[in-house]
Amino acid sequence: MANSPTGDSVLARLDRVLSTFSAADSLLTAAEIARRTGLPPATAHRLCRDMAELGWLESLPAGYMVGTRLWEMTNRSAPTMKLAVRARPYLSDVHTVMGQHVQLGVIEGHEVLFVDRLSAREAPRIHGGVAGRLPLHVSATGLVLLAHASPEFRTFYRTHHQDASPGQIISEDRLEQVRQQGYCAQTGVIERAVTGVAVPIRQRGRSVVAALGVVTDDDDVARRPAPWVQMLQIAARGIQREISGKG
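Attention in this report is confined to the structure presented alongside it.

What counts, and at which threshold
Residues numbered from 1 in each chain as written. Predicted model: local features only at pLDDT ≥ 70, side-chain atom pairs only at ≥ 80, totals over all residues. Heavy atoms only, no water. Helix = DSSP H or I, 4+ residues; strand = E, 2+ residues; numbered from the N terminus. Polar contact = N/O pair within 3.5 Å; in protein donor to acceptor, adjacent residues only side chain to side chain. Buried < 20%, exposed > 50% of the residue type's maximum accessible area, 1.4 Å probe, protein only. Phe/Tyr/Trp six-rings, centres within 6.5 Å; stacked < 30°, edge-to-face > 60°. Lys NZ or Arg CZ within 6 Å of the ring centre and 35° of its normal. 1 Å grid on protein atoms, 1.4 Å probe; cavity = no way out; pocket = protein on both sides within 12 Å on 5 of 7 lines; lining within 4 Å. Points joined across faces, edges and corners; volume = space filled by probe spheres on them. Nonpolar A, V, L, I, M, F, W, Y, C, P; charged D, E, K, R; others polar. Salt bridge = Lys/Arg side-chain N within 4 Å of Asp/Glu carboxyl O. Pairing = 2+ DSSP bridges. Arc of directions from axis to C-beta. Contact = heavy atoms within 4.5 Å. Axes fitted to C-alpha atoms, helices over the stretch in contact; angles between N-to-C directions.

**Structural notes on the side chain of Q103**
And then number 1: Considering the arrangement of structural elements, one finds Q103 in strand β3 (residues 101-108).
And then number 2: At 2.5 Å, the side chain of Q103 and the side chain of R117 are in polar contact.

Next up, the structure:
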């Protein structure tokens with residue numbers, strides 16, 4: 001129910017407040033939140049105060065941060081967190097052998113949402129992180145998810161991303177190739193000379209619910225992805241058994 005001059009519901013305004021926080025902006029004053037959300041200053045101050053009382057925000061002398069209450073609820077009940085917990089041992093195995101970024105992603109809207117990532121000091125700097133998002137077509141993890149989405153979703157997505165650069169191939173032929181070969185490998189789409197390799201994770205052996213990927217600047221991976229694909233597929237099968245209740 002809308003009960004503000006702008007027609008926004010209370011939940012919509014709470015969402016706007018929470019959406020202002022990021023890894024780069026983890027501490028914000030109520031005035032900054034008001035400016036970024038477009039809310040009246042008095043409304044922003046009141047919402048921040050109320051959210052702090054509930055534990056959704058943490059009130060500090062210098063401003064507000066996202067509170068532990070949201071972290072607690074998310075870790076206790078969110079399906080993506082349950083997936084991340086069950087997949088973590090397999091990500092750890094791959095990370096130990098590869099020594100590069102290993103990440104787990106799911107579709108969220110028209111983006112890939114990274115629900116877990118393990119990194120190494122020698123791994124290249126890349127965009128995003130845990131709880132970060134990227135358009136589906138710019139990462140190997142996202143392309144795997146896009147390739148296994150419904151035909152209607154693929155058509156809609158490609159129609160609305162026609163401005164992709166030549167390096168960001170999202171033709172149906174490309175997506176069919178990803179489905180047929182069982183993995184995606186691409187280099188230099190976001191970061192030059194950085195290669196992403198990803199494979200699908202299926203629930204009960206059928207629908208794809210996530211993708212497991214590795215990101216590296218190792219030139220050999222771009223030339224010979226097969227050994228990396230094989231290791232990812234072994235880990236993906238282990239995750240599939242975990243989330244399907246088998247073994």
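There is more to say, and it comes next.
**Quick notes on the environment of E176**
And then number 1: Position of E176 relative to the elements: it lies in helix α8 (residues 172-181).
And then number 2: Exposure remark for E176: the relative accessible area of 30% places this residue in the partly exposed category.
And then number 3: Residues E176 and W71, 105 residues apart in the sequence, show an inter-C-alpha distance of 38 Å.

**Some words on the packing of aromatic side chains**
Each aromatic ring pair is specified by the distance between its two centres and by the angle formed by the two planes.
And then number 1: Overall, the coordinates contain one aromatic pair when judged by the stated rule.
And then number 2: For the ring pair F153 and Y157, a centre distance of 6.2 Å and an interplane angle of 25° mean the geometry is stacked. You can see F153 and its partner Y157 sitting in helix α7 (residues 151-159), four residues apart, about one turn around the helix.
And then number 3: The side chain of R117 reaches across the aromatic face of F114, ending 5.3 Å from its centre.

**Some remarks on empty space enclosed by the protein**
If a probe as big as a water molecule is rolled over the atoms, it shows which places are left empty.
And then number 1: Applying the stated rule across the entire model yields one cavity of 30 Å³ or more.
And then number 2: Empty space within the largest cavity amounts to approximately 230 Å³.
And then number 3: Taken together, 23 residues line the largest cavity, and the ones lying closest to its centre are V138, S139, I190, E191 and V215.
And then number 4: At the level of secondary structure, the elements contributing two or more residues to the lining of the largest cavity comprise β4 (111-118), α6 (140-147), β6 (184-187), β7 (195-202) and β8 (208-216).
And then number 5: The residue makeup of the lining of the largest cavity, split by class, is 11 nonpolar, 10 polar and two charged.

**Some points on the pattern of salt bridges**
Any two side chains of opposite charge can pair, on the condition that their charged atoms come close.
And then number 1: The tally for this structure, following the rule as stated, stands at 10 salt bridges.
And then number 2: Here R133 ties to E111 by a salt bridge, and the two come within 3.2 Å at their closest N and O atoms. With a gap of 22 residues between them, R133 in strand β5 (residues 133-135) and E111 in strand β4 connect regions that are remote in the sequence.
And then number 3: Relative accessible area serves as the criterion here: at 29%, E111 is assigned to the partly exposed category.
And then number 4: For the salt bridge of D220 with R223, the shortest nitrogen-to-oxygen distance reads 3.6 Å. One end of the pair, D220, and the other, R223, are both in helix α9 (residues 219-223), three residues apart, so they sit about a helical turn from each other.

**Focus on the pairing of β7**
And then number 1: Summarising burial for β7: seven of the eight residues are buried, a large majority.
And then number 2: Relative to β7, β6 runs antiparallel, the two sharing four bridges. By the bridge assignment for β7, C184 is matched with A198.
And then number 3: Alignment of β7 against β8, held across eight bridges, turns out to be antiparallel. Note that in β8 the partner of V197 across the bridge is V214.

**Describing unusual backbone geometry**
And then number 1: With a phi close to 65°, A193 is a non-glycine residue in the positive phi region.
And then number 2: Residue placement: A193 occurs in the loop between β6 and β7.

**Topic: helix α2 (residues 30-37)**
And then number 1: Among the residues of α2, those classed as buried are A30, I33, A34 and T37. Within α2, the buried residues cover an arc of 100° as seen down the axis, which keeps them to one side.
And then number 2: Among the structural elements, α1 (10-19), α3 (41-54) and β2 (63-66) are those in contact with the buried residues of α2.
And then number 3: Looking one or two residues past α2, G38 carries a phi angle of roughly 80°, positive in sign.

**A short note on the pairing of β8**
And then number 1: In terms of residue burial, β8 counts as a mostly covered element, since seven of its nine residues are buried.
And then number 2: Of the strand pairs in this sheet, β3 and β8 are connected by five bridges, and their pairing is antiparallel. The residue of β8 that forms the bridge with V102 is V214.

**Considerations on the sheet that holds β5**
And then number 1: In space, the six strands of this open sheet follow the order β5-β4-β3-β8-β7-β6, with antiparallel pairing throughout. Each edge of the sheet is formed by a strand with only one pairing partner; in this case those strands are β5 and β6. Sheet twist, expressed as the average angle between the axes of neighbouring strands with direction ignored, equals 30°.

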